[in-house]
Amino acid sequence: MIEGFDILTITDTPIEDKTILLRVDFDVSLNPDHTIANDVRITQTLPTIKLLLEKHNKLIIMSHLGRPEGRDTNLSLSPAVKRLQEYLPDYQVALVDDFLSDAGKEQLKAQTPTQVLMLENLRFYPEEKKNDEAFAKALASLGEVYVDDAFAVAHRNEASVVSVPKFLPHYAGLLLEKEIKAIGSVLRDPKKPIVAIIGGAKTSDKLPLLYRLTEIADHLLVGGGIANTFLKAEGKNMGKSLVEDNLDEEVRKIIAHAKEKNTTIVLPKDGICASDKEATETTECMLDQLTSDLGAFDIGSETQAIWGNVIAEANTIIWNGPVGYMENPAFARGTEFLYYSITQNGHAFSVVGGGDTLNAISKREYLDKISHISTGGGAMLEFIEKGTLPGLEALKR
Ligand code: ADP
Ligand code: MG
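Okay, so let's go over this structure. These numbers come from a predicted model, not from an experiment.

1. Examining the packing of helix H12 (residues 301-313) against helix H13 (residues 333-344)
Then, in step 1: Contact geometry for H12 and H13: axes closest at 10 Å, N-to-C directions at 20°. One way to sum up the angle between H12 and H13 is to call them roughly parallel. Between H12 and H13 lies a crossing of right-handed hand. When H12 is examined against H13, the residues Gln 304, Trp 307, Gly 308 and Ile 311 are found in contact with a partner set consisting of Arg 333, Gly 334, Phe 337, Leu 338, Ser 341 and Ile 342.
Then, in step 2: Of the residues assigned to the contact of H12 with H13, the class counts are 5 nonpolar, 4 polar and 1 charged.

What follows is the structure in structure tokens.
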């Protein structure tokens, strides 16, 4: 049972000898040769898959991959099928190329309990994104039970996420449950002080989240392009730094709201500066003295010291978004510093998520010091902002 949501999980009810439609998020990043670069999203779903298989259920797995425009063999799920096969040596894992075709229907009808079938990329069908009801019905007709373990797409109003569960008994998988419980605990009764660190580039996307975080957090550390946009709204010359225009008014609203809620917004004081973000020669500079020929592409050492102290005292930490242009090693140190500061804090409950954020930390030591690493970027942020997601609403009893 997922508390507060009235959602049953696959451990609440015995689900045995059924054909299960399992929505996962196998939207893995691929190498140029179509092999999988990082399969965390597959390994995180294995507990659900194995539990359902142990109970003699037949699994029909559904996922999307990337953003195809119609059928695109570059975005086939066959690399995910191969990888899943390696994790499930006692089963045959096979791809259903088109579940609507006669061949696909035959393949599905002939499924045996030792076969795991994966439907080809759902976004090859435009109806998926359009949340088409007939398409959802066609999917639902393939199984007897729907299980959702795809937290990372739970913020999407797509057929396999919000409509298929209308037509079948529906349950949350173990990963979805874990995500909702971990992030939910930060929202429900977090231990203070609560520190939220928001960086990255997508300022306009993240402003509604920042507004909400001023109501949740005690300290809001703002970095990256978002911080530049705040500093510009305060009248500072940001030179060649990454800034999003026309957001001054919205930024001021957030600053005013933070004051009302007694939340301190801690902007960077200094930065690692250069003539452009690909530069290898850098200097440290104060952000109130930036000249027009320079931009700040990472946080500086004074900012690190201030933020480090705030993080060390936190009892709850939420982090999304790198605070520098980390693709250039010259501007990656601020993000690294943040990561190590969070892992050094032995008492806080920490939640970290976001595509680029996870890329920044994924191969590092001490990953186990983070309390919860979310598989969702957008989904995690929207869940923090709104307290629910369309995919969760669809799973309610
Ligand atoms: P996430 O995927 O973790 O939510 P975003 O997609 O919002 O994060 O932002 C990540 C991008 O932001 C990275 O490509 C990073 O280089 C860029 N970025 C972060 N800080 C800066 C900065 N100060 N200047 C330029 N780019 C930045
Ligand atoms: Mg990103």
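2. Some words on the nonpolar core
Soluble globular proteins tend to bury their nonpolar side chains together.
Then, in step 1: Residues Phe 26, Ile 61 and Leu 84 are the most contacted members of the largest nonpolar core, which totals 94 residues.
Then, in step 2: In contact with Leu 84, not counting residues within four places along its chain, are Phe 26, Ile 42, Leu 46, Ile 49, Ile 61, Val 93, Val 116 and Met 118.
Then, in step 3: Formed by 22 residues, the second largest nonpolar core is a distinct cluster that contains Leu 221, Trp 307, Ile 317 and Met 326.

3. Quick notes on the state of the cysteines
Then, in step 1: As enumerated under the stated definition, the model contains 1 disulfide in all.
Then, in step 2: A sulfur-sulfur distance of 1.8 Å marks the disulfide that ties Cys 273 to Cys 285. Measuring handedness by torsion sign, the sulfur bridge of Cys 273 and Cys 285 sits at about -55° and is left-handed. Of this pair, Cys 273 sits in strand E12 (residues 270-274) while Cys 285 is found in strand E13 (residues 283-286), placing the two residues 12 residues apart along the sequence.
Then, in step 3: The exposure class of Cys 273 is buried, given its relative accessible area of 1%.

4. Digging into the site of ligand 1
Then, in step 1: Neighbouring ligand 1 are 20 residues, the closest being Lys 202, Lys 206, Glu 327, Asp 356 and Thr 357.
Then, in step 2: Interatomic distance of 3.1 Å between a backbone N/O atom of Ala 201 and an oxygen atom of ligand 1.
Then, in step 3: For ligand 1, an oxygen atom lies 2.8 Å from a polar atom in the side chain of Lys 206.
Then, in step 4: For ligand 1, the accessible surface in isolation is 580 Å², of which the surrounding protein chains cover 91%.
Then, in step 5: Those elements giving two or more residues to the shell around ligand 1 turn out to be helix H10 (224-233) and helix H14 (355-361).
Then, in step 6: Per element, the largest residue contribution to the shell around ligand 1 is 3 residues, and it comes from H14.

5. Observations concerning empty space enclosed by the protein
Space left empty within the atom packing is revealed by a probe, the size of a water molecule, rolled over the atoms.
Then, in step 1: Applying the stated criterion across every chain, the model contains 1 cavity of 30 Å³ or more.
Then, in step 2: As a volume, the largest cavity reaches approximately 50 Å³.

Parameters and conventions
Residues numbered from 1 in each chain as written. Chains lettered and ligands numbered in written order. Predicted model: local features only at pLDDT ≥ 70, side-chain atom pairs only at ≥ 80, totals over all residues. Heavy atoms only, no water. Axes fitted to C-alpha atoms, helices over the stretch in contact; angles between N-to-C directions. Helix = DSSP H or I, 4+ residues; strand = E, 2+ residues; numbered from the N terminus. Parallel < 35°, antiparallel > 145°, perpendicular 65-115°, else oblique. Left-handed = near helix turned anticlockwise from the far one by under 90°. Contact = heavy atoms within 4.5 Å. Nonpolar A, V, L, I, M, F, W, Y, C, P; charged D, E, K, R; others polar. Core = buried A, V, L, I, M, F, W, Y, C linked by side-chain atoms within 4.5 Å. Buried < 20%, exposed > 50% of the residue type's maximum accessible area, 1.4 Å probe, protein only. Disulfide = S-S within 2.5 Å. Near = heavy atom within 4 Å. Polar contact = N/O pair within 3.5 Å; in protein donor to acceptor, adjacent residues only side chain to side chain. Areas by Shrake-Rupley, 256 points an atom, 1.4 Å probe, with all protein chains shown as cover. 1 Å grid on protein atoms, 1.4 Å probe; cavity = no way out; pocket = protein on both sides within 12 Å on 5 of 7 lines; lining within 4 Å. Points joined across faces, edges and corners; volume = space filled by probe spheres on them.

Purely geometric numbers; function is a separate question.
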